[in-house]
Amino acid sequence: MDNLKKYSAHESAVIDPKANIGDGTKIWHFSHIMSDASIGNNCNIGQNVVVSSKVQLGNGVKIQNNVSVYTGVICEDDVFLGPSMVFTNVINPRSFIVRKEQFLETYVEKGATIGANATVICGNRIGSYALIGAGAVITKPVLPYALVVGNPAKQIGWVSKYGHRLQFNEHQIATCPESGEQYKLTKNGVTPV
Ligand SMILES: CC(C)(COP(=O)(O)OP(=O)(O)OC[C@H]1O[C@@H](n2cnc3c(N)ncnc32)[C@H](O)[C@@H]1OP(=O)(O)O)[C@@H](O)C(=O)NCCC(=O)NCCS
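Now for a look at the structure at hand. (Residues numbered from 1 in each chain as written. Predicted model: local features only at pLDDT ≥ 70, side-chain atom pairs only at ≥ 80, totals over all residues. Heavy atoms only, no water.)

1. Observations regarding the pattern of salt bridges
Here is step 1 of the chain: Applying the stated criterion across every chain yields a total of two salt bridges.
Here is step 2 of the chain: One salt bridge connects K110 with D78, and the closest N-O pair in it is separated by 3.3 Å. Placement of K110 in the loop between β15 (106–108) and β16 (113–114) and of D78 in the loop between β12 (73–75) and β13 (80–81) is noted, with a sequence separation of 32 residues between them.
Here is step 3 of the chain: Among the residues examined, D78 registers a relative accessible area of 40% and is labelled partly exposed.
Here is step 4 of the chain: Between R125 and E109 there is a salt bridge, with its nearest N and O atoms 2.6 Å apart. On the criterion of sequence distance, the pair formed by R125 in strand β18 (residues 125–126) and E109 in the loop between β15 and β16 is long-range, its members being 16 residues apart.
Here is step 5 of the chain: We classify E109 as buried; its relative accessible area is 15%. (Salt bridge = Lys/Arg side-chain N within 4 Å of Asp/Glu carboxyl O. Helix = DSSP H or I, 4+ residues; strand = E, 2+ residues; numbered from the N terminus. Buried < 20%, exposed > 50% of the residue type's maximum accessible area, 1.4 Å probe, protein only.)

In structure tokens form, the structure reads like this:
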């Protein structure tokens, strides 16, 4: 390990040379961090997680058990990846054709949550603080603060930064019941007031 090892990893985890892991990050049993992957500070990498080469994870990212984060995925700070959710990176895979040059990027913006067992079809951007329900299949970009569920995933509402459903009044203003923060709905989506 090149870093000064201010992170912790269970003895069963495999950390390849040139993996870059931030301070305070924890890596649990049977996980594999590949060469040139970059993981920020204070992340939690659960059991049986693979972080592939060149993946970039920001600070405070939480990955639950049994997730493979493939090359082509970028997660900003505070992203939550639920248990057994699935990323993809090739849109039309064939066993007998090498498509490593054709990986499509999946970009997950700050604070977004991807629910348990959801699948993200590559090439889609997931907006900041979006909440993707358990088992959803993402086939299109997801707007910031959007709540989406189902297969194919459809938007059924909006959520606050704290993950609560937003109910908009006649002025298109909603208040988060936990934080008290207000949000405005316009034709372009939701923004904090
Ligand atoms: C999407 C989610 C946030 C919605 O929660 P909610 O706002 O309390 O929603 P409700 O339970 O009131 O459901 C609203 C509607 O959406 C449906 N729905 C809720 N979650 C759904 C899901 N994951 N997939 C499909 N439909 C879903 C409900 O059946 C309901 O439909 P109806 O109006 O036809 O009856 C929640 O159900 C969910 O999936 N959370 C993710 C949990 C998870 O993966 N955690 C990982 C860490 S352990």
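Moving on, there is more to tell.
2. Section: the pairing of strand β21 (residues 146–149)
Here is step 1 of the chain: The pairing of strand β19 (residues 131–132) with β21 spans two bridges and is classified as parallel. Considered in β21, the bridge of I132 is made with V148.
Here is step 2 of the chain: In this structure, β21 lies alongside strand β22 (residues 154–158), joined through four bridges in antiparallel fashion. Counted as the bridge partner of L147 is G157 from β22. (Pairing = 2+ DSSP bridges.)

3. Examining the side chain of T88
Here is step 1 of the chain: Along the polypeptide, T88 turns up in the loop between β14 (86–87) and β15.
Here is step 2 of the chain: A distance of 2.9 Å separates a polar atom in the side chain of T88 from the backbone oxygen of V120.
Here is step 3 of the chain: Here C122 takes part through its backbone nitrogen, which lies 2.8 Å from a polar atom of the side chain of T88.
Here is step 4 of the chain: For T88, the contacting residues outside a window of four places in its chain are Y70, T106, T119, V120, I121 and C122. (Polar contact = N/O pair within 3.5 Å; in protein donor to acceptor, adjacent residues only side chain to side chain. Contact = heavy atoms within 4.5 Å.)

4. A word on the pairing of strand β25 (residues 189–192)
Here is step 1 of the chain: Pairing geometry for strand β24 (residues 182–186) and β25, over four bridges, is antiparallel. In the strand pairing of β25, K184 is matched with T191.
Here is step 2 of the chain: Counting the residues between successive antiparallel strands, the hairpin from β24 to β25 contains two residues.

5. So, the site of the ligand
Here is step 1 of the chain: Surveying the vicinity of the ligand reveals the residues F80, P83, G115, A116, L131, G133, A134, L147, V149, I156 and R165.
Here is step 2 of the chain: Between a nitrogen atom of the ligand and a main-chain N or O atom of A134, the distance comes to 2.9 Å.
Here is step 3 of the chain: R165 places a polar side-chain atom, nitrogen or oxygen, 2.9 Å from an oxygen atom of the ligand.
Here is step 4 of the chain: Notes on the ligand: free accessible area 910 Å², of which the protein chains cover 38%.
Here is step 5 of the chain: In terms of residue class, the shell around the ligand is made up of eight nonpolar, two polar and one charged. (Near = heavy atom within 4 Å. Areas by Shrake-Rupley, 256 points an atom, 1.4 Å probe, with all protein chains shown as cover. Nonpolar A, V, L, I, M, F, W, Y, C, P; charged D, E, K, R; others polar.)

6. Some remarks on the sheet that holds β15
Here is step 1 of the chain: Across the sheet, which stays open at both edges, the six strands sit in the order β3-β6-β9-β12-β15-β18 with parallel pairing between neighbours. Looking at strand neighbours, the two that pair on one side only are β3 (20–21) and β18, the edges of this open sheet.
Here is step 2 of the chain: Relative to β15, β12 is paired through three bridges, and the arrangement is parallel. Across the sheet, I74 pairs through a bridge with Y107, a residue of β15.

7. Structural notes on the packing of aromatic side chains
Where two aromatic rings form a pair, the distance of their centres and the angle of their planes describe that pair.
Here is step 1 of the chain: Within the structure shown, the criterion is met by two aromatic pairs.
Here is step 2 of the chain: Where Y129 meets Y145, the ring centres are 5.7 Å apart and the plane angle is 20°; that geometry is what we call stacked. Here Y129, found in the loop between β18 and β19, pairs with Y145, found in the loop between β20 (137–138) and β21; they are 16 residues apart in sequence, far enough to count as distant. Y145 carries the same exposure label as Y129, and that label is buried.
Here is step 3 of the chain: Ring-pair connections join several aromatic residues into one group, and the members of that group are Y129, Y145 and Y183.
Here is step 4 of the chain: The ring of Y107 is capped by R125, whose NZ or CZ atom sits 4.1 Å from the centre of that ring. (Phe/Tyr/Trp six-rings, centres within 6.5 Å; stacked < 30°, edge-to-face > 60°. Lys NZ or Arg CZ within 6 Å of the ring centre and 35° of its normal.)

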